[in-house]
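Descriptive structure summary
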Amino acid sequence: MSSMPNNIAHLPAAPSDNNTPVLHAAVERLFRATDAVSVLEICETLLTSSGIAGALYWRGSSDEVPRPDDPNHLDLAEDPQGLRMLVLVLSEDPLPHLLHERLLWLGRLASTRLRQLAETSRLYEAISRLALAERLQRALYAIAEQAGGEHNMTEMMPSLHTILGSLMYAENFYIALYDVAGDSVRFPYYVDTMDKDPPSPEQSFPLQEMRHSLTWHLVRGGQAIMGSVDELKQQLGNRLSPVGPSCEHWLGVPLLREGRVVGGIAIQSYRADTHYTQHDRELLSYVAQHVQTALERREAHAELERRVTNRTAALREANRVLRQQVLQRQRGERLQAALFRIAELANATESLDNFYAAVHRVIGGLLYARNFFIALLDDERKQLTFPYSVDEQESSRPPRTHGRGASEYVLRHAKPLLADPQEIERLCQIGEIGQFGARSVCWLGVPLIWNDCAMGVLAVQSYSPEHTYDQRDQELLTFVGYHVANALQRKHTAESLKQAYANLERRVTERTRALALANRDLREQIAERERVERRLKYETLHDSLTGLPNRTLLLQRLEQALQRFHSNAQELFAVLFIDLDRFKVINDSVGHLVGDDLLFQVGGRIRACLKTRDVVARLGGDEFAVLAEGVTDVRMAMLIAERIIHELQAPFRLGAKEIFTSASIGIALPGLHYQRPEELLRDADAAMYRAKDEGRHRAAVFDDRLRREALSLLEMEGDLRRALSRNEFVPFYQPIVALEDGRTVGYEALLRWKHPERGLLTPSEFLIVAEENGCAENIDWQIFEQVCAQAAALAGTEGFVSINVSGRHFRSPDLDKRLLDLLSSHHLSPQCLRIEVTERALLENPNQVKRILGHLRDHGVGIALDDFGTGYSSLSYLHQYPIGTLKIDRSFITELQRESGQGIAVVRAIQVLADSLEMQVIAEGIEEETQRQALLQVGCRYGQGFLFATPKAADAWLKGPRAPSW
């Protein structure tokens, strides 16, 4: 043998005597072995005792496998735990049959013990995971108990710290809560053995002041952060400004609520022997979710207590206000009853004397009114009369001229007067009051106002200190005085009402005559409005250009015809969908005015080809529809369509121009499966497009084949949308190989659809439908996602995987960013990815395509020009765009087998061009060995095709290396 692995164990040759005790002891040691190394040593002992000379070594899964015909290499036992094989290399000629059987027996014993060790290791790992899960579960229960307990936030925070410390090293721990509205951070709990100046739990810090700190990155980034200070600087792009003492290792995870960052928790270590692992990171992220739930529950509980306290205070205040309102309402009820009584007296009392006496009694129920009088102003005599007066000291109050008494003061100022002796003395001194009757302890008078003038006084007075009046009494008497004044006004205006009634009768007669004239004008307006409504209804149901019925009226008539057909199958009709051929060319060349004139004349000619009861409608643009009733069969409908086509063939005279046009017509006949008129119009439209596809200037009938195609298209669209949600689209990979030795250098990802009923479908069977209904781009991104997830395993360290990017993707200005983000999310090196574009994609938006491809190339993504030679084949593409690979179309490869020699010349030219530009060339569609040989002769080094392999799923290529098939 030329070489031997380093982990080989050499076995010296030994006598072949049968040492049975040694053999038995070695076998017992084998079943007591604790690891694979002990198994190898014991096997060495057994081989030595058996007289077998050779060497043992472990062969890994990636090591080179010896040739099957090599008798000196024997596979003894497989280690499932280390994924390796224990191999014996014999030092001499093949062993006798008896020794060979003993080797097989030894291999079975070693394999059995290795499997036992692997199973034991798995059991220990499972027990460790269960123990960790139990600790985590106890911690989560404890967190939930803290959230639901009676502890406040200050007591809960240390408990959460203790719980977290039971799961990992958390001697230094803090919680940060982020306030989005104020863009600030608060630290409700902060424990750090090295920080001598911890932040206050109640103080909020603007997040901008902590810019580029670890807490700032945690809140802004919303992602977990872990590592030493140097590692964190590398992760954060040197945008790190640590705050506080420098730690040995730091781990922080965000607190999230509905996808938004609301804070974070962090632990840090100042010990060189204590670092956090990925497991600690995942565990802390998981615990953080429950900590966030606990914090939210405690905050909600505190908020509830705060709201209950506020609500209790509000209810107490509301109760106080309610009691005051009850008292005020009781007073208001008494006042309202008094006002109702006054209103009744104004309407029911026969004489004013009785009315005044009744008012006195009502006011006496509201306040002290033992001394009461009413004074009225007589404008004609300029006197003040007292129609009602009750007083303990003054038995009568005769009329008097308007002077300067207290009543005159109220009349003069038209406002209430509440006066005690001192106030009366003051008013007398300033000349407001010149005379006053019997001196009272308290006097209260209010004006009686109607027609915005003070016409009287309502007054009460007290001669005893036990009864005085206050501001509330003044307001009450003022309010009552207002209603008394209204009652007096009604009394005094009763006579004027009779005269008013007479005047009203006269005005009613005049108004009746005016209403008769207005009624005549109104009838004329109604007639005009009905005429306008009829005109609007006509315009709503007819086309403004041609005067023909529009789509709305056609659908109404079509629905009536369909109902008659369902009632009586003999009531046949036909729907014709007419579209002018090349009308857009006419419209663009001679103008819209001429085009409108053409549409008007076309409508008239179609109308002339039909019976009176038939309906011809303009649907919009150059589309017309006909409802032909009384049609008995398809032949009759075709005759009508041919008559219309023939009529439209004649030239149209439009001004000085003679215009020619033609029409394509689709025909649909009713059936029991039609339920809505739109369905008939839809099928006639589909038949019209069939007529256009068959060459235009003709008619086509909608039949079962078209219906099946429509249903199939509809079913395909539904399957495509469901397939997107079910992830039924998968990439298949075709190897790109070196033509000289068949070595795989890369793969091209090809789209396949694993249809649940129709099996595996290629893009030619569904891609056109996907592009029409807008699903194609989503399908591509679903494929890109899977390719990026599988590319690392397929490509290895030096290979690549190609994806096809169509022109529609380059309409998005952020295509390069999305692709690079996708690579980053799957931790895939850009050098492992190559995108293939066609020449047509380069033409649609050249500036944007050039920017996107350049950005991708700068990041290491390879660019390949697919189907080279089938498009414009402009050589300017090759230096304007960052293209690194040319893929020769399969049509040129097929030509290599022709005798003309043109195919080989084209391929040779492409290869020379690519070599001069230092580009790689890949030939597509290689199916014959002669094609491979021809490509090698012209210098092409890479290719793909069925000669080498058919496209397969990723699992098929990951199972192991594939030998060339040629």
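**A short note on the overall build of the chain**
The number of helices and strands found in the chain is 28 helices and 32 strands. In terms of C-alpha radius of gyration, the chain reaches 52 Å, well past the compact-globule figure of 30 Å for 966 residues. Taken along its principal axes, the extent of the C-alpha atoms in the chain is 160 × 100 × 60 Å. Within the chain, the proportion of its 966 residues that are buried is 43%. Across the chain, the fraction of contacts at a sequence separation of at least 24, relative to all contacts at a separation of at least 6, is 64%. Surface accessibility of the chain: about 53,200 Å² in total, with carbon and sulfur atoms responsible for 51%. Averaging the coordinates of the 109 positive side-chain charges in the chain and doing the same for the 129 negative ones gives two points 7 Å apart.

**Comments concerning the layout of surface pockets**
Counted as a void, the largest pocket has a volume near 1,000 Å³. Around the largest pocket, the lining comprises 38 residues; the ones closest to its centre are Pro-763, Leu-767, Asn-804, Asp-866 and Asp-867. Among the elements that line the lining of the largest pocket, the one with the most residues is strand E25 (residues 744-755), at five residues. Its residues assigned to classes, the lining of the largest pocket comprises 14 nonpolar, nine polar and 15 charged.

**Description of the sheet that holds strand E15 (residues 442-450)**
Strand order in the open sheet made by the six strands is E13-E12-E11-E16-E15-E14, with antiparallel pairing throughout. With partners counted over all chains shown, the strands left at the sheet margins are strand E13 (400-401) and strand E14 (417-419), one partner each. Bridge analysis of strand E12 (residues 383-390) against E13 gives two bridges, and the strand direction is antiparallel. From the neighbouring strand, Gln-383 faces E13, where its bridge partner is Thr-401. Its contacts with the sheet place helix H8 (residues 352-364) against strand E11 (371-378), E12 and strand E16 (453-462), and it is angled at close to 60 degrees to E12.

**Concerning the packing of helix H14 (residues 583-590) against helix H15 (residues 592-608)**
Between H14 and H15, the shortest axis-to-axis distance is 6 Å and the interhelical angle comes to 135 degrees. Classified by the interaxial angle, the pair formed by H14 and H15 is oblique. Taking contact as the criterion, the partners of Phe-583, Ile-586, Asn-587 and Val-590 in H14 are, on H15, His-592, Val-594, Gly-595, Leu-598 and Leu-599. Grouping the amino acids of the contact of H14 with H15 by side-chain chemistry returns six nonpolar, three polar and no charged.

**Digging into the pattern of salt bridges**
Using the criterion set out here, one finds 37 salt bridges in the structure. Arg-397 serves as the salt-bridge partner of Glu-394, at 3.1 Å between the closest nitrogen and oxygen. For the salt bridge of Arg-557 with Glu-629, the shortest nitrogen-to-oxygen distance reads 3.6 Å. Of this pair, Arg-557 sits in helix H13 (residues 551-567) while Glu-629 sits in strand E19 (residues 623-629); the two residues are 72 residues apart in sequence, bridging distant segments of the chain. On the basis of relative accessible area, Arg-557 is assigned to the partly exposed category, the value being 27%. The class for Glu-629 is buried, based on a relative accessible area of 11%. Each member of the salt-bridge network shares a partner with another, and the members are Glu-748, Glu-836, Lys-887 and Glu-924.

**Side note on the packing of aromatic side chains**
All chains considered together, the criterion is met by 14 aromatic pairs. Seen in terms of ring centroids, Phe-729 and Phe-766 are 5.8 Å apart; in terms of plane orientation they differ by 45 degrees. Their pairing is tilted. Highlighted residues: Phe-729 in strand E24 (residues 729-738) and Phe-766 in the loop between strand E26 (759-761) and helix H19 (767-772), separated in sequence by 37 residues. Residue class for Phe-729 comes out buried when judged on its relative accessible area of 0%. What makes Phe-766 buried here is its relative accessible area of 1%. Ring plane angle 85 degrees and centroid distance 6.4 Å describe the contact between Tyr-733 and Tyr-747, whose orientation is recorded as edge-to-face. With Tyr-733 in strand E24 and Tyr-747 in strand E25, the pair connects residues that are 14 residues apart, well separated along the chain.

**Topic: the sheet that holds strand E22 (residues 662-668)**
Ordered in space as E18-E19-E17-E22-E23, the five strands form an open sheet in which the pairing is mixed. Unpaired on one side and paired on the other, strand E18 (615-620) and strand E23 (699-701) mark the two borders of the sheet. Each strand axis lies, on average, 20 degrees off the axis of its neighbour in the sheet, ignoring direction. Pairing of E18 with E19, which is carried by five bridges, proceeds in the antiparallel orientation. Within E19, the position partnered with Val-616 by the bridge is Val-626. Strands strand E17 (573-581), E18 and E19 of the sheet are contacted by H13, whose axis makes an angle of about 30 degrees with E19.

**As for helix H5 (residues 214-221)**
For H5, a buried count of six out of eight residues is recorded, marking the element as mostly surrounded by other parts of the structure. Considered for burial, the residues of H5 that qualify are Leu-214, Thr-215, Trp-216, His-217, Leu-218 and Val-219. Taken together, the buried residues of H5 touch strand E5 (172-179), strand E6 (184-191), strand E8 (225-227), helix H6 (229-235), strand E9 (249-257) and strand E10 (260-269). Positioned one or two residues after H5, Gly-222 has a phi angle of 70 degrees, which is positive.

**Description of the side chain of Ser-812**
Inspection of the secondary structure assignment puts Ser-812 in the loop between strand E27 (800-804) and helix H21 (815-825). In contact with Ser-812, other than residues within four places in its own chain, are Glu-777, Gln-848 and Ile-852.

**Remarks on the state of the cysteines**
The final tally for this structure, using the stated rule, is zero disulfides. Cys-428 takes part in no disulfide bond, and the closest cysteine sulfur to it belongs to Cys-442, at a distance of 15 Å.

**Quick word on unusual backbone geometry**
Look at Arg-696: it is not a glycine, yet its phi comes out positive at around 65 degrees. In this fold, Arg-696 is placed in the loop between helix H17 (677-693) and E23. By relative accessible area, Arg-696 is classed as partly exposed at 37%. Positive phi values are uncommon outside glycine, yet Glu-918 reaches one of about 55 degrees. Checked against the element boundaries, Glu-918 lands in the loop between helix H26 (902-916) and strand E31 (920-923).

**Overview of the pairing of strand E4 (residues 84-90)**
A large share of E4 lies buried, amounting to six of its seven residues. Here strand E2 (residues 54-60) runs beside E4; their pairing, made up of seven bridges, is antiparallel. If you follow Arg-59 over to E4, its bridge partner there is Met-85. Pairing of strand E3 (residues 73-79) with E4 involves six bridges; the strand directions are antiparallel. Residue pairing in the sheet places Ala-77 in a bridge with Leu-86 of E4.

Rules used throughout
Residues numbered from 1 in each chain as written. Predicted model: local features only at pLDDT ≥ 70, side-chain atom pairs only at ≥ 80, totals over all residues. Heavy atoms only, no water. Helix = DSSP H or I, 4+ residues; strand = E, 2+ residues; numbered from the N terminus. Rg over C-alpha atoms; globule rule 2.2 N^0.38 Å. Buried < 20%, exposed > 50% of the residue type's maximum accessible area, 1.4 Å probe, protein only. Contact = heavy atoms within 4.5 Å. Areas by Shrake-Rupley, 256 points an atom, 1.4 Å probe, with all protein chains shown as cover. Lys, Arg positive; Asp, Glu negative; His and termini not counted. Charge placed at Lys NZ, Arg CZ, Asp CG, Glu CD. 1 Å grid on protein atoms, 1.4 Å probe; cavity = no way out; pocket = protein on both sides within 12 Å on 5 of 7 lines; lining within 4 Å. Points joined across faces, edges and corners; volume = space filled by probe spheres on them. Nonpolar A, V, L, I, M, F, W, Y, C, P; charged D, E, K, R; others polar. Pairing = 2+ DSSP bridges. Axes fitted to C-alpha atoms, helices over the stretch in contact; angles between N-to-C directions. Parallel < 35°, antiparallel > 145°, perpendicular 65-115°, else oblique. Salt bridge = Lys/Arg side-chain N within 4 Å of Asp/Glu carboxyl O. Phe/Tyr/Trp six-rings, centres within 6.5 Å; stacked < 30°, edge-to-face > 60°. Disulfide = S-S within 2.5 Å.

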